[in-house]
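Fold and contact review
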Amino acid sequence: MKKFLVIFLSLLFSCQIAPAQNLKYDYKNNRATIYNALNLTDSQIQKSEEILNKNAKILDEKYQKLEKESYKLSALKKGNACYSEIIEQKKIIKNIQKEIEKIQKAEDKKFKKCLTFEQKSKYKIIEKLQKHDTKKEISHEKLYKANPQMTEFARPKTNTCKS
């Protein structure tokens, strides 16, 4: 669950770069990958699923609310609203993010309680790798958003001119 938190929060804190409505992530596939990497037993998987499903409705509501508020923020920015309104909207978004983070941290603590010592150490490594990947993805998005004409390395644009 921590990986979801790390990825989601890092993408949300870069709200100015990538609004929350553009986020697409396959949580079920990623969850299965972590379960396999940690070699969880059936009872551990069942406990973790119970932990995740306990607050699923609340988190869904919070994410929907966050999405609506981020739409409002982008509309305010596009509509040239006054600076105080934009700041107020950013505060609302940050409060929602904090609420989500608080719920996810509590879930993560409960999940870590059902892990063995080896699994906890593997989980920490997975978290670090995911955090690194997220930072790399955000910097990649910043780079190509700032320079839309720039081609990606090893993917040159094809020349459309006929010679």
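Residues numbered from 1 in each chain as written. Predicted model: local features only at pLDDT ≥ 70, side-chain atom pairs only at ≥ 80, totals over all residues. Heavy atoms only, no water.

1. Here's the deal with helix 4 (residues 56-78)
The terminal C-alpha atoms of helix 4 lie 33 Å apart, and with 23 residues this matches the ideal 33 Å at 1.5 Å per residue to within 8%. One or two positions beyond helix 4, positive phi appears at N80, with a value near 55 degrees. (Helix = DSSP H or I, 4+ residues; strand = E, 2+ residues; numbered from the N terminus. Expected span 1.5 Å × (residues − 1).)

2. With respect to a positive patch on the surface
Together, K54, K109, K110 and K113 give the surface a local cluster of positive charge. Summarising the element assignment, K54 is placed in helix 3 (residues 42-54). A relative accessible area of 58% means that K54 is categorised as exposed. (Patch = residues over 30% accessible without salt bridge, like charges linked within 9 Å, V, L, I, M, F, W, Y side chains within 5 Å. Areas by Shrake-Rupley, 256 points an atom, 1.4 Å probe, with all protein chains shown as cover. Salt bridge = Lys/Arg side-chain N within 4 Å of Asp/Glu carboxyl O. Lys, Arg positive; Asp, Glu negative; His and termini not counted. Charge placed at Lys NZ, Arg CZ, Asp CG, Glu CD. Buried < 20%, exposed > 50% of the residue type's maximum accessible area, 1.4 Å probe, protein only.)

3. Brief notes about the side chain of S48
Structurally, S48 is set in helix 3. You can call S48 buried: its relative accessible area is 1%. With residues up to four places along the chain from it excluded, the contact list for S48 reads Y35 and F111. (Contact = heavy atoms within 4.5 Å.)

4. Points about the environment of N53
Positionally, N53 belongs in helix 3. Taking the C-alpha atoms as reference points, N53 and E107, separated by 54 residues in sequence, lie 10.0 Å from one another.

5. A few points about the packing of helix 3 against helix 5 (residues 83-113)
The contact between helix 3 and helix 5 brings their axes to 10 Å, and the two run at 170 degrees. Relative to helix 5, helix 3 is oriented roughly antiparallel. Relative to helix 5, the crossing made by helix 3 is right-handed. Two secondary-structure elements touch here, helix 3 through S48, I51, L52 and K54 and helix 5 through E107, K110 and F111. For the contact of helix 3 with helix 5, a count of residues per class yields three nonpolar, one polar and three charged. (Axes fitted to C-alpha atoms, helices over the stretch in contact; angles between N-to-C directions. Parallel < 35°, antiparallel > 145°, perpendicular 65-115°, else oblique. Left-handed = near helix turned anticlockwise from the far one by under 90°. Nonpolar A, V, L, I, M, F, W, Y, C, P; charged D, E, K, R; others polar.)

6. A short note on the packing of helix 4 against helix 5
In the contact formed by helix 4 and helix 5, the axes pass within 10 Å of each other and the chain directions differ by 160 degrees. Comparing their axes, helix 5 and helix 4 come out roughly antiparallel. Handedness of the crossing formed by helix 4 with helix 5: left-handed. Looking at the contact of helix 4 with helix 5 residue by residue, the classes come out as twelve nonpolar, four polar and nine charged.

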